[in-house]
Amino acid sequence: MPLMKKGFFLTLVTAFLVVGTSFAQASADANDPILMSIGAKQVKLSEFTYVYKKNNKDTTNNPEAVENYLELFTTFKMKVMEAEELKMDTSGAFRDELAGYRRQVSLQYLTDRKVNDSLLMEAYNRMKEDIRASHVLVLCDENALPKDTAIAYTRVQIIQNLLNGKPATKLIADYEAQLKSKYAITSKSPAGDIAKVNMLVNPLKDLDKKYKGKPAPFDEVAFTASEDKSALTNRGDLGWFTAFSMVYPFETLCYNTPVGKVGGPTRTKFGYHVVYVADRRPAVGKITVTHIMINSRAGAPLQDSLNAKAKADEIYAKAIAGEDFATLAKQFSDDKQSAVKGGEIPKFGLYEMPAPFEKAAFDLKADAEITAPIKTNWGWHIIKRVRKEPFPTFDQAKADIKQRVSRDQRSIQGRASLVARVKADNGFTEYPNTVKDFYPVIDSTYFKGMWKADKAKNLNKTMFTLAGKNYTQQDFALWLEIHQVRGPKRDIPTLVDAGYKLWVEESCVAYEDTQLERKYPDFKNLMQEYRDGMLLFDLMDKKVWSKAVKDTAGLRTFHEQNKGKYMQVERADATVFSCKDEATAKKVRKMLKQKKTTKEIQDELNKDSQLNVTAEHKLYIKGESDIVDRNWKTGTSKNENIDGRVKFVVVDHLEPARPKTLQEARGAVTTDYQNQLDKEWIASLKAKYPVTVNRDVLKMVK
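Residues numbered from 1 in each chain as written. Predicted model: local features only at pLDDT ≥ 70, side-chain atom pairs only at ≥ 80, totals over all residues. Heavy atoms only, no water.

Participant: Would you mind going over the sheet that holds strand β6 (residues 271-282) with me for this structure?
Facilitator: Consider a sheet: its strands pair through backbone hydrogen bonds, and that pairing is either parallel or antiparallel. The four strands are arranged β4-β3-β6-β5 in an open sheet whose pairing can be described as antiparallel. Either end of the sheet is taken by a strand with one partner, and the two such strands are β4 (237-241) and β5 (262-267). On average, each strand axis in the sheet is tilted by 30° relative to the strand beside it, whichever way the strands run. Across eleven bridges, the pairing between strand β3 (residues 129-139) and β6 is antiparallel. Its bridge partner being in β6, Val138 is matched across the sheet by Tyr272. The strands touched by helix α12 (residues 248-255) within the sheet are β3, β4, β5 and β6, with β6 carrying the most contacts at an inclination of about 50°. (Pairing = 2+ DSSP bridges. Helix = DSSP H or I, 4+ residues; strand = E, 2+ residues; numbered from the N terminus. Axes fitted to C-alpha atoms, helices over the stretch in contact; angles between N-to-C directions. Contact = heavy atoms within 4.5 Å.)

What follows is the structure, given as structure tokens:
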């Protein structure tokens, strides 16, 4: 197991076994007999029965199955005991990794599951519908000063008035005054500063003057006033999208806005948005297509790019003329993984493929319809629709939606609900006026990352209480010191208020985190499983995996003793030529006799069509190519008609079967050597930890 990833190994382990603490409740039963002893450790019947049933749900409880599982269980326990005896669970690295895993697992518990369930259903219902919307963006940083936020909001109000046909003259004048104040504009200001203000204000004045209280077209407002640079080309039109395609607040605004109406503003991390919902439709869902791809990467020589386009056009002409698409894919597609399946690729939905590919595929109106060649960063594609997939049920989609919700901004709602519940359940009381005491003690050093909590040393009041514990101003001062970030100066009251709110939330979540093992037995069990899995991995790495890799002398000896197991099969160094017809094949054969290279042959014969001759050269093994298998000898084979092409094989030479060198077989040899080391180690553990099984108790496993 030299290349096994630790995370994958631990997943296997936690799927295999629940240990010790999983059975505390059952083990308290006085009638729970001792099943076995491993060294000095006793294992009760309930522990083994629980583990066995967990991992053998579909297995009849026959004596052979129980015995086999008992062997696995015993080996696992012995290895964990050995790791504990070596105190591998006390190292700093081990503790840090376990703590990191705990943080990861705890995330699904440190949220309100009821809220999360409602978010899942909301997302599912939204996914059933696609929306086409446009937007106007007014940039506003999340940490903007109040005056900058006010300026941005005034601009949004102007945009709303223009869209709704309301006078905007006064708002524009207010906006201009705010900008001039911000940039300290006077009659003596530099021309560049004055121009900066004019560039922001004059387009709004022009729109207001042009429409004189009549609704301005949304696309014109977006083109003129949006601070999303893409509006200069798309005039604000974002195209079709569905749930999870956009940031959550923006998505919510769009889904809550009726077709033909303007909605907003709403604020996201980008700024303020006003939207226009142009249309809604049932979700396009997923689609399955086949495709033929011709490689044409950016930076390729011009002639190669032209040849690729010409080749794609020729294949397309054949496809629409009625030639079998799957056969064309097998013959010509450079996407070899899909070519063997007639060009079929896994089903996909919106935003899962390159935009040109996605649009072309979903624009196909009927099964079997074919696109003209379209270009992506990969090359040219000819796409044929196979089928539209029915929309999944909630149960079918739930696992995927749950994962996406956990990574999405909407998960904040679950956290907010959890914080509210922790406050309600644990006697939360706060003293809001204590926050204001920090306004005078935060100075410019905070924005340089140099502020110290000592500057608040005279502040000693309790700011809030939770679960009987007082959280003081000194606690908050330390939090502020730790969380300060160098950056532009911000409004201090706003900074302190936001920091206090976040500190309270973090404190509530941190308290709940301390209660997880008590409140959730499944969490406690999972942590125990992972802990033991980590110990097993680290010890296996030390005793078996890394040892086998580092023990080069032992590896060489093992290979020499077993080299008959590691054979290099016979291989053919061959080129398969595929020609459009017998006449072309004849020309290829003639040029081969003239000692021309494959490239020279293709350059000469593909002048009028890139499909005349194709060639693939490699080392083939038996079973990899039918035509090579049929002509497994040196020389040039006879012509064969396959999939409408004339093919033949040139076998340069055959490499005979032979034992692989250690370098060639290192992976397999290392794995087998590790298995041998593991067997020897297990034998030593059995000698060290004698195992005694109560057979009468074992019969009780049902």
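Once you've had a look at it, read on.
Participant: What is the right way to read the layout of surface pockets from this model?
Facilitator: Picture a little ball the size of a water molecule; that probe, rolled over the atoms, points out where space is still empty. Here the largest pocket defines a volume of roughly 1,300 Å³. Lining the largest pocket are 40 residues, and of these Gln331, Lys336, Thr614, Ala615 and Glu616 lie nearest its centre. Going through the elements one at a time, β7 (286-295), α13 (302-320), α14 (325-332), α15 (336-339), β14 (571-579), α26 (598-605), β15 (613-621) and α27 (626-630) are the ones with two or more residues in the lining of the largest pocket. Considering only residue class, the lining of the largest pocket consists of twelve nonpolar, twelve polar and 16 charged. When its volume is computed, the second largest pocket comes out at roughly 1,000 Å³. Here the lining of the second largest pocket takes seven residues from helix α21 (residues 492-514), the largest share from any one element. For the lining of the second largest pocket, the residue count by class is 14 nonpolar, seven polar and nine charged. (1 Å grid on protein atoms, 1.4 Å probe; cavity = no way out; pocket = protein on both sides within 12 Å on 5 of 7 lines; lining within 4 Å. Points joined across faces, edges and corners; volume = space filled by probe spheres on them. Nonpolar A, V, L, I, M, F, W, Y, C, P; charged D, E, K, R; others polar.)

Participant: Where do I start with the packing of helix α24 (residues 552-562) against helix α28 (residues 666-688) in this structure?
Facilitator: In a pair of packed helices, the angle between the axes and the distance between the axes together describe the arrangement. The geometry of α24 relative to α28 is characterised by a closest axis approach of 10 Å and an angle of 100° between their N-to-C directions. Relative to α28, the element α24 lies roughly perpendicular. Contacts between α24 and α28 involve Gly554, Leu555, Phe558 and His559 on the former and, on the latter, Arg666, Val669, Thr670, Asp672, Tyr673 and Gln676. Looking at the contact of α24 with α28 residue by residue, the class counts come to four nonpolar, four polar and two charged. (Parallel < 35°, antiparallel > 145°, perpendicular 65-115°, else oblique.)

Participant: Sorry, what's going on with the pattern of salt bridges here?
Facilitator: Side chains that carry opposite charge are capable of pairing whenever their charged atoms lie near each other. All chains considered together, the criterion is met by 43 salt bridges. Measuring nitrogen to oxygen at the nearest pair gives 2.7 Å for the salt bridge that ties Arg658 to Glu664. (Salt bridge = Lys/Arg side-chain N within 4 Å of Asp/Glu carboxyl O.)

Participant: Sorry if this is basic, but what is going on with the confidence of the model for the chain here?
Facilitator: In regions of low pLDDT, the predicted coordinates are not meant to be interpreted in detail. Mean pLDDT over the chain: 90, with 95% of residues reaching 70 or higher. Confidence, read as mean pLDDT per element, is least for helix α2 (residues 24-27) in the chain (39) and greatest for strand β11 (residues 462-466) (98). (pLDDT = per-residue confidence, 0-100.)

Participant: Whenever I open this one, the side chain of Asn612 confuses me. Can you help?
Facilitator: In this fold, Asn612 is placed in the loop between α26 and β15. Here the side chain of Asn612 touches Leu605 through a polar contact of 2.7 Å, landing on its backbone oxygen. (Polar contact = N/O pair within 3.5 Å; in protein donor to acceptor, adjacent residues only side chain to side chain.)

Participant: Please clarify how the environment of Val649 should be interpreted in this entry.
Facilitator: The residue Val649 is located in strand β18 (residues 645-655) in this model. When the C-alpha atoms of Val649 and Phe577 are compared, they prove to be 6.2 Å apart, with 72 residues separating the residues in sequence.

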